[in-house]
Each structure stands twice: as C-alpha cells, then as structure tokens.
Amino acid sequence: MLQLLLPPQYGDYEFTWLKEFGPVYLVKGCFGQNRLMISDPLALQSILNSPYFGHGPTLENVMNLMFDQNAVMAAKSETHRHLRASLNTGFTSSAVRQYRPIFDRVAQKITEDLDECSGSLADLCPILSHATLSAISEAVLGCSIDDLGEEFVINNDRVMTLSASQSSSHIIADAIGSRLPKLVWRAAMRLPTAAFKDLRAVKSLATRIGKEAIAKKLAAVEQGASAKTDVFGMLLDAYQSDSKRNVLTKEELVAQTGILMVGGQDTVTNTVAFGFLELARHPEFQRELRAEIHASLCGPSQTFSYESMPLLNAFIKETLRLYPTGPLVERVAVHETVIPLSKSIKNSMGELMNHIPVQKGQVVIVATASYQRLHSRWGEDAHQFRPSRWIDGTVMQGQAVGPYANLLSFLGGPRMCLGWRFAILEMQVFFSEVVGKFSLSLPEGDRFSTRYANTLFPVTSSGERALPLYVTRL
Ligand code: HEM
C-alpha cells in the first residue's frame, strides 16, 4: 500500500502492476487487510452505481474533520438524494452559463498577475489557487474573495498545504484513524494541535461566510437585485419560489459552504496546472491550440464559442485523463455482493471468473488513474499526452462510466462530482485566456513530477508543490 501511495513519481508501481496483473488485483493494506484494486470499466460502473458500496474509511475521516454532517458529501441515503436534487439547480448547463462573466473576470486577473512576471520564471500554483478561490467565492457564494476575510484565506492556504503533505506516518495514522469510532474522531477535532486548529478554524469560518453570504443576498434581492447570478442565489431563488419540492432550507444551504469551497479549489487548480505543464512540454501542440483560440474569437464582443473548439476540448479531456485529481478512490462494501467484470480473469486456482464475490467490509480501490490508462480503451500509447486521440477515433466508446467523455476524473454514479460542468467551463475560460495571450515554456531541464497526497499535484525536483514556468506575453 505504501508503494502505491508514496512512489517517487505517482504511478511508478501502479502502472507496472496494471501491466503485470491486469485490471483487478489485491494489495495489502497497512494492517495486512486485502484491498481490491480495480480498473475494469464494467466493475467500476457497477461499484459506483451500487447501493452496496459506501465511502471508504479514509474519506469518512476527512469528512468528519472538515465538513458539516449535512454537507452533501457527508450525507447518506435519502438526505444525500434530497441535497443532490436541490443543489443541482445551481449546477445545470444553463445555470453554469450564467457564471461565465465571473470566470472571464477571474481569467483577466490571471492575465494581470502573469503580465507582472512576463519574460521570467513564474510559479503558476499560487496564481491559480487564488483564481480558483475567487471563482468559487464569486460564482458560488456571490461575494468577492476579499469578503472572505484574510483569516479565512490564510487558514485555507494552511489546510491546502496540510492536505498536500503525505508521508508513511500520515498513511499509518490514517489507517489507525479509520478504525476508530466516529465519536473519537469528533473528540479528536478538539485537540490543541496546529493541524486540528486550522481545520477547526476553516470549518467555523466557512459556516460564518455561508451565513453572511445568504444574509447579503437576501438583502440585495429585497432591493430589487437579481439573485440568479451565482449558485447560492439560484438556490435561494428556488427556496423563495412557490414550489417547495427539492429546495434547500437556509441551514442546509449554509452546511454546503465548506464542501463547495474545498471541492472546487484544489481540483481545478491542479488540473489547470498539469494542463500548463503539458503545454510547456509540447510547444508544437501549444502553438496549434493558440491558433485555434485566435481563430475562434467571434462576434463584435469577441467572445469564444467553446463548443466549436475541438483542440481545446480534446486538450482538457487529455489533461483530465492523465491527471485525475482522485486517482485512488476508496469504497467499502456495506453488504455482501458481486462485482461483474467486462473481461474474465483467472483466480489463484487458474479458474476463469467473470465476476468477483465480495464480503461486507471489503475495501475496494476505484483506480481511476489506471482505468484512464487502459490500452483497450484509450489506445496503445495511453501513457502519452496526445490530445489528438480524442479527435482521430483512437478513444473507444463502451460502458459509460462517468459524466464527461467516459472519464472517471469526476467519478460516476449518484456521488459523481456535482461541479463538473462548472469546472469544465472554468477551465475552458482560463486556458483560452492564458494560452491566447502568453507562451509557456519549461525551465532548464524539466524535472517536474507528479505527487499524490489526497489529490495529484505537480512538484519540482526539490519536492516542493510548485510549477515554475517561463511565461512570456505575446
Ligand atoms: C477539475 C475539477 C474537479 C474534479 C476533477 C472533481 C472531482 C470530484 C470527484 C472525484 C468527486 C467524488 C469524490 C468521492 O466521492 O470520493 C467529486 C465530488 C464533488 N465535487 Fe468535484 N471535482 C472538480 C470540481 C468541482 C467543482 C468546481 C465543484 C463545485 C463548485 C465541485 C464540487 C463537488 C461536490 C459538492 C462533490 C460531492 C458530491 C457528492 O458527494 O454528492 N467539484 N468531485
């Protein structure tokens, strides 16, 4: 398990084992328990849609620490269905289109930041982190990043740094923690250590920010302003309308503040960072993409029609494919069940099996990164960055496993990412703005690698989470 989680470069062992053992194999957990590592498409589709699998122990711990128990990601069964159905109002295609002016403004701020370091080496990670937090605060809460307050921004940065640190002792502590009852976890939250203090602060500040955002929004609506410019506004509008089906109360809405802010920041930051890294590694593709961006500006207002930009969309899919933010997602069987397989495998006795029986309590790892490198689905060169695979027909269709392009980066089933359309539009806007105006190139000797600690992120040769690239205004 430690080899899987702490290789020098993410995937060093995992992708070798995928080649050697195929899309289903067993790994030993910290205390010797077996974990089923799965990347077979039919098996993944079945696990993610089955009521017989719940969140794995590590994720449960994180949620206990960080979120309100009524947050959508922490909620279970009927409560989860109700929260999802209500929250969807703010994340449909038409709702997300309303947030585009916000993404445009945030992208212009990225340009201003990059202009300041044009011609030199700039670490893109803090710039992107600030941009994604701005996008979330404006497009979800309807307030500017300054309204979040310095205390929140500082604590949030500390929590992001904390969650991006992984060591063998963290992993063992996690494994021990996952065996402790919920009550002990709640008590642990009160410990006076720096890490728990930061988590407590972010959790309580998120609640305060949520309450203030709602109060401000309601006051503005009373003055005649439109509510429907951000997610909270859309949901409050639904709450105040006649129909009381699938709407959130104000308390339920406040409980979503933390998960929406966390769920939408590091995920987008890291994906965009990896996208820029690949562009710097592939200058020829970068030039082709820039040509498409310049040719796509249309109308008197010079805006983009992202649906008609094949290279941009292929590039985003390829980045999500190679760098899923959740490469290893734990699920646990809450009931005895069987997992069907798209291709039979041989068991230790040499017998062919087209399904795997699992006992209650069995931990399975939804291996999204391995799935997204299966030769059978993405082509023989699945480990390479090649966006044209999305255009030239290399990519195989088949079991639809996720909401977007058959990728599992946003997972799938009832717990798939709520904000995937939001993220895609945000990335289309950021990439078009930056690649249209700047050229990106690698510093001497590309020594970047990919590290995994709760999420995938780029690190420099000194192991620091950073992405220093040469950025030049065109
Ligand atoms: C590239 C960007 C993103 C990626 C790759 C991503 C990925 C994911 C994944 C893998 C999950 C499932 C986690 C699990 O169950 O183990 C998830 C859930 C979630 N995401 Fe995202 N996400 C992204 C952006 C966003 C954004 C922008 C938002 C909100 C504005 C968001 C909100 C959520 C929420 C609320 C959930 C919990 C859903 C539930 O449990 O029902 N995500 N995301």
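Just so we're clear, the structure is a prediction, and the values are computed from it rather than from any experiment.

What counts, and at which threshold
- Residues numbered from 1 in each chain as written.
- Predicted model: local features only at pLDDT ≥ 70, side-chain atom pairs only at ≥ 80, totals over all residues.
- Heavy atoms only, no water.
- UniProt positions renumbered as here; feature names shortened; annotations may be inferred.
- Helix = DSSP H or I, 4+ residues; strand = E, 2+ residues; numbered from the N terminus.
- Buried < 20%, exposed > 50% of the residue type's maximum accessible area, 1.4 Å probe, protein only.
- Contact = heavy atoms within 4.5 Å.
- Phe/Tyr/Trp six-rings, centres within 6.5 Å; stacked < 30°, edge-to-face > 60°.
- Pairing = 2+ DSSP bridges.

Undergrad: Sorry, what's going on with the UniProt feature "binding site: heme" (unreviewed entry) in the protein chain here?
TA: In the numbering adopted here, UniProt assigns the feature "binding site: heme" (unreviewed entry) to Cys 417. Relative to the helices and strands, Cys 417 resides in the loop between α20 (375-378) and α21 (420-437). Classification of Cys 417 as partly exposed rests on a relative accessible area of 28%. Beyond its immediate stretch of four places on either side in the chain, Cys 417 contacts Arg 84 and Phe 410.

Undergrad: Please clarify how the packing of aromatic side chains should be interpreted in this entry.
TA: Aromatic rings considered in pairs are described by the distance between their centres and by the relative angle of their planes. Per the stated rule, a full pass over the model turns up 20 aromatic pairs. Between the aromatic rings of Tyr 371 and Trp 378, the centroid separation amounts to 5.7 Å while the plane-to-plane angle is 85 degrees, which identifies the pairing as edge-to-face. Residue class for Tyr 371 comes out buried when judged on its relative accessible area of 0%. For the ring pair Phe 410 and Trp 420, a centre distance of 6.3 Å and an interplane angle of 45 degrees mean the geometry is tilted. Here Phe 410 is found in the loop between α20 and α21, whereas its partner Trp 420 is found in helix α21, with ten residues between them in sequence. We note that Phe 410, like Trp 420, is buried. Here the aromatic residues Phe 276, Phe 285, Phe 315, Phe 385 and Phe 431 are joined through ring pairs into a cluster of three or more.

Undergrad: For this particular structure, what's the right way to read the pairing of strand β5 (residues 328-333)?
TA: Along a regular strand, successive side chains alternate from one face of the sheet to the other. For β5, the buried fraction is high: six of the six residues fall into the buried class. Here β5 shows no split at all, with Leu 328, Glu 330 and Val 332 on one side and Val 329, Arg 331 and Ala 333 on the other all buried. Bridge analysis of strand β3 (residues 53-55) against β5 gives three bridges, and the strand direction is antiparallel. By the bridge assignment, Gly 54 is partnered in β5 with Val 332. In this sheet, strand β8 (residues 363-367) lies alongside β5 in antiparallel orientation, the contact comprising five bridges. The residue of β8 that forms the bridge with Leu 328 is Ala 367.

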